Amino acid sequence: MQINNAHIAPVLTAIHDDPSKPLTLETLSKIACLSRTSFVARFSTCMSMTPLKYVTFWRMQIARKQLIQTDCPILDIAESVGYQSEAAFGRVFKKHHHVAPATYRRQAASVK
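In what follows, the accompanying structure is described.

**Brief notes about the overall build of the protein chain**
When helices and strands are counted, the protein chain shows 7 helices and 0 strands. Sequence-ordered secondary structure for the protein chain, helices as α and strands as β, is α-α-α-α-α-α-α. Taken over the C-alpha atoms alone, the protein chain extends approximately 45 × 25 × 20 Å along its principal axes. Accessible area for the protein chain stands at about 6,800 Å²; split by element, carbon and sulfur atoms hold 54% of it. Across the protein chain, the 14 positively charged side chains and the 7 negatively charged ones have centroids separated by 10 Å.

Here it is as structure tokens:
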């Protein structure tokens, strides 16, 4: 995906470079050099979702990939994508993928 927006590209780089970093609207809007309102509007237009929804989406994609490709403990995966507890990570993962992380891993392994 090519983003031709000088304000949004550095935000995407920050999200992608370190998904474990605590990211808030304030932090992201500062990276974009925009007010929070302007940032959310511009980001939402460019990406078709709000900034924090995108952060969560990206984190869940990384987690999904790690669950399939590694044997890392779920807590380690949770921490690598910005969650400090396995329970919080599990709730968000289940919301996005409709199954718990351990179930997702087992199902993916059974398909291989």
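**Regarding the packing of aromatic side chains**
Applying the stated criterion across every chain, the model contains 6 aromatic pairs. Through pairs of rings, three or more aromatic residues link up here, namely Phe39, Phe43, Tyr54 and Phe57. One cation-aromatic arrangement involves Arg59 over Tyr83; the distance from NZ or CZ to the ring centre is 5.9 Å.

**Let's talk about the state of the cysteines**
Going through the model one piece at a time under the given rule, you end up with 0 disulfides. The thiol of Cys33 is not disulfide-bonded; the next cysteine sulfur, from Cys46, is found 15 Å away.

**A closer look at the environment of Phe39**
Structurally, Phe39 is set in helix α3 (residues 36-47). For Phe39 and Val11, which are 28 residues apart along the polypeptide, the C-alpha to C-alpha distance reads 10.0 Å. If near-sequence neighbours (up to four positions away) are discounted, Phe39 is found in contact with Ile8, Val11, Leu25, Leu28, Ser29, Ala32, Leu34 and Pro51.

**Re the environment of Cys46**
Mapped onto the elements of the fold, Cys46 is located in helix α3. The class of Cys46 is partly exposed, set by a relative accessible area of 32%. Contacts of Cys46, omitting those with residues within four sequence positions, involve Asn5 and Ile8.

**Describing the packing of helix α1 (residues 9-17) against helix α4 (residues 51-69)**
Two elements in contact, α1 and α4, have axes separated by 10 Å at closest approach and are oriented at 35 degrees. Considering the relative orientation of α1 and α4, their crossing is right-handed. Contacts between α1 and α4 involve Leu12, Ile15 and His16 from the first element and Tyr54, Val55 and Trp58 from the second. For the contact of α1 with α4, a count of residues per class yields 5 nonpolar, 1 polar and no charged.

The rules behind each value
- Residues numbered from 1 in each chain as written.
- Predicted model: local features only at pLDDT ≥ 70, side-chain atom pairs only at ≥ 80, totals over all residues.
- Heavy atoms only, no water.
- Helix = DSSP H or I, 4+ residues; strand = E, 2+ residues; numbered from the N terminus.
- Areas by Shrake-Rupley, 256 points an atom, 1.4 Å probe, with all protein chains shown as cover.
- Lys, Arg positive; Asp, Glu negative; His and termini not counted.
- Charge placed at Lys NZ, Arg CZ, Asp CG, Glu CD.
- Phe/Tyr/Trp six-rings, centres within 6.5 Å; stacked < 30°, edge-to-face > 60°.
- Lys NZ or Arg CZ within 6 Å of the ring centre and 35° of its normal.
- Disulfide = S-S within 2.5 Å.
- Contact = heavy atoms within 4.5 Å.
- Buried < 20%, exposed > 50% of the residue type's maximum accessible area, 1.4 Å probe, protein only.
- Axes fitted to C-alpha atoms, helices over the stretch in contact; angles between N-to-C directions.
- Left-handed = near helix turned anticlockwise from the far one by under 90°.
- Nonpolar A, V, L, I, M, F, W, Y, C, P; charged D, E, K, R; others polar.

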